[in-house]
Protein chains: 2
Amino acid sequence: MAAMEPRNPIGEKLRSNGYHLTPQRLMILDIMERSDDHISAEDIHQQVRARYPRQHVSSIYRTLETLKKLGLVTETDLRDGKLRYHLQEKGHHHHLICEKCGQFQQLDGSLLSPLKAAILRKYRFRADLRHLAIFGRCGKCA
Amino acid sequence: MAAMEPRNPIGEKLRSNGYHLTPQRLMILDIMERSDDHISAEDIHQQVRARYPRQHVSSIYRTLETLKKLGLVTETDLRDGKLRYHLQEKGHHHHLICEKCGQFQQLDGSLLSPLKAAILRKYRFRADLRHLAIFGRCGKCA
DNA sequence: CTCCGTGCAAAGGCTTTGCACACTC
DNA sequence: GAGTGTGCAAAGCCTTTGCACGGAG
């Protein structure tokens, strides 16, 4: 396989940390890039397999693990039994999830800034408020 | 087994909703009552089994499910693969969990009130901010 | 008698791990 | 050749479900 030229910051980061940007990883990243929302490992798997059927889920998990470790990907738990992933570089937002109807909408991140500041001030704790999931009842179900 | 007198609000609530306060449930509630922190189903299971070895995990889950439905118990995900439970009547608080060292401390609930209000105002969404888990880096690990 | 609750066993669903081979540096 | 990555299979872990029996109302 021809050498992978690091054309993007993610490839760069991988290489500078001793990891490789393999075709499989490219496909995974590509899919995450295109996805509007957070997707599960299984979602990614299915999409990759459409083009490359031999792709195995375990590689997805392993790649996701690596990307997480490098801070390139964030993990969100929407409480439906599977974790969702999202490219950090695509920016971050938050979710309001209705416990009754299951619908979720995005939350303006600026609402969280005061909280983050308050936590830092009072507890010296650097809250990672990317992709927070807040549960409750939406307007219709309340 | 003699009839269970509903001596407490929880028994009352169960009965008024057509559920029974069985010895098993009493043990589960007793353990949750004593526990300072949030405990997992498996934790409860082990403690119950110390006194009553035939107790099976499935009953714990089923009881917890019932209590959750009645709003008597809250569920928290500390991202370590298992869910934690806590008696609603014991009051609620929040967690700051360090992603590096794993330690967690409690967070003053009053810090969240403004957020809750802002979300309701802007999105008409009733956020359930009981037992929120906030991840990040503690003072030592930052 | 009907519904609820239990223990038990088995299954389920998502995620992780061991292994051998392939590729990169 | 040392380290990294992959497909494959199998295991792991927490949680849920089916079933039959027992007990409460």
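Residues numbered from 1 in each chain as written. Chains lettered and ligands numbered in written order. Predicted model: local features only at pLDDT ≥ 70, side-chain atom pairs only at ≥ 80, totals over all residues. Heavy atoms only, no water.

J.: How do you make sense of the interface of chain A and chain B when you look at a structure like this?
T.: Where interface size is quoted, it is often the accessible area lost as the parts come together. Tallying the contact residues gives 31 residues for chain A and 31 residues for chain B. When the two sides are added together, the surface that chain A and chain B hide from each other amounts to roughly 2,500 Å², 64% of it contributed by carbon and sulfur. In terms of surface lost to chain B, no three residues of chain A exceed A:Leu111, A:Tyr123 and A:Phe125, which account for 25% of the buried area on that side. Inspection of the region where chain A meets chain B yields 2 salt bridges. Note that B:Lys122 is salt-bridged to A:Asp108, the shortest N-O span being 3.2 Å. (Contact = heavy atoms within 4.5 Å. Buried area = accessible area lost by both parts, 1.4 Å probe. Salt bridge = Lys/Arg side-chain N within 4 Å of Asp/Glu carboxyl O.)

J.: For this particular structure, what's the right way to read the nonpolar core?
T.: Here is a general trend for soluble globular proteins: nonpolar side chains tend to be buried in one another's company. A:Ile119, A:Phe125, A:Ile134, B:Leu115, B:Ile119 and B:Ile134 are the most contacted members of the largest nonpolar core, which totals 32 residues. Elements supplying a minimum of two residues to this core: strand S4 (94-98) and helix H5 (113-123) of chain A together with strand S4 (94-98) and helix H5 (113-123) of chain B. (Core = buried A, V, L, I, M, F, W, Y, C linked by side-chain atoms within 4.5 Å. Buried < 20%, exposed > 50% of the residue type's maximum accessible area, 1.4 Å probe, protein only. Helix = DSSP H or I, 4+ residues; strand = E, 2+ residues; numbered from the N terminus.)

J.: How do you make sense of the pattern of salt bridges when you look at a structure like this?
T.: Two side chains carrying opposite charge are able to pair once their charged atoms lie near each other. The tally for this structure, following the rule as stated, stands at 16 salt bridges over all chains. The shortest N-O distance in the salt bridge between B:Arg34 and B:Asp30 comes to 3.0 Å. Here B:Arg34 pairs with B:Asp30, and both are found in helix H2 (residues 23-34), just 4 residues apart, close to one helical turn. Linked through salt bridges whose partners overlap, the residues forming this network are A:Asp30, A:Arg34 and A:Arg51.

J.: Would you explain the sheet that holds strand S3 (residues 83-87) of chain A in this entry?
T.: Hydrogen bonding along the main chain pairs the strands of a sheet, whether they run parallel or antiparallel. All names here are of chain A. An order of S1-S3-S2 is seen for the 3 strands of this open sheet, with the pairing classed as antiparallel. The open sheet terminates on both sides in strands that have one partner only, identified here as strand S1 (39-40) and strand S2 (73-77). Direction of pairing for S2 relative to S3: antiparallel, over a ladder of 5 bridges. Its bridge partner being in S3, Asp77 is matched across the sheet by Leu83. Strand contacts of helix H2 (residues 23-34): S1, S2 and S3, with the helix running at about 90° to S3, the strand carrying the most contacts. (Pairing = 2+ DSSP bridges. Axes fitted to C-alpha atoms, helices over the stretch in contact; angles between N-to-C directions.)

J.: Whenever I open this one, the sheet that holds strand S2 (residues 73-77) of chain B confuses me. Can you help?
T.: All names here are of chain B. Taking strand neighbours across the sheet as the criterion, the 3 strands line up as S1-S3-S2 in an open arrangement whose pairing is antiparallel. Whereas interior strands pair on both sides, the edge strands pair on one side only; in this sheet they are strand S1 (39-40) and S2. In this sheet, strand S3 (residues 83-87) lies alongside S1 in antiparallel orientation, the contact comprising 2 bridges. The partner of Ile39 across the bridge, within S3, is Tyr85.

J.: Help me understand the relation of the copies chain A and chain B, please; the structure alone is not making it clear to me.
T.: If you rotate chain A by 179° and push it 0.1 Å along the axis, it lands on chain B with an RMSD of 0.2 Å. Between the two chains, the operation in question is that of a two-fold axis. The rotation axis passes nearest to the C-alpha of A:Leu115 in chain A, at a distance of 3.6 Å. Looking at chain A, 100% of its interface residues are interface residues in chain B too, so the copies touch through the same face. (Least-squares fit on C-alpha atoms with pLDDT ≥ 70 in both.)

These figures capture arrangement, not role.
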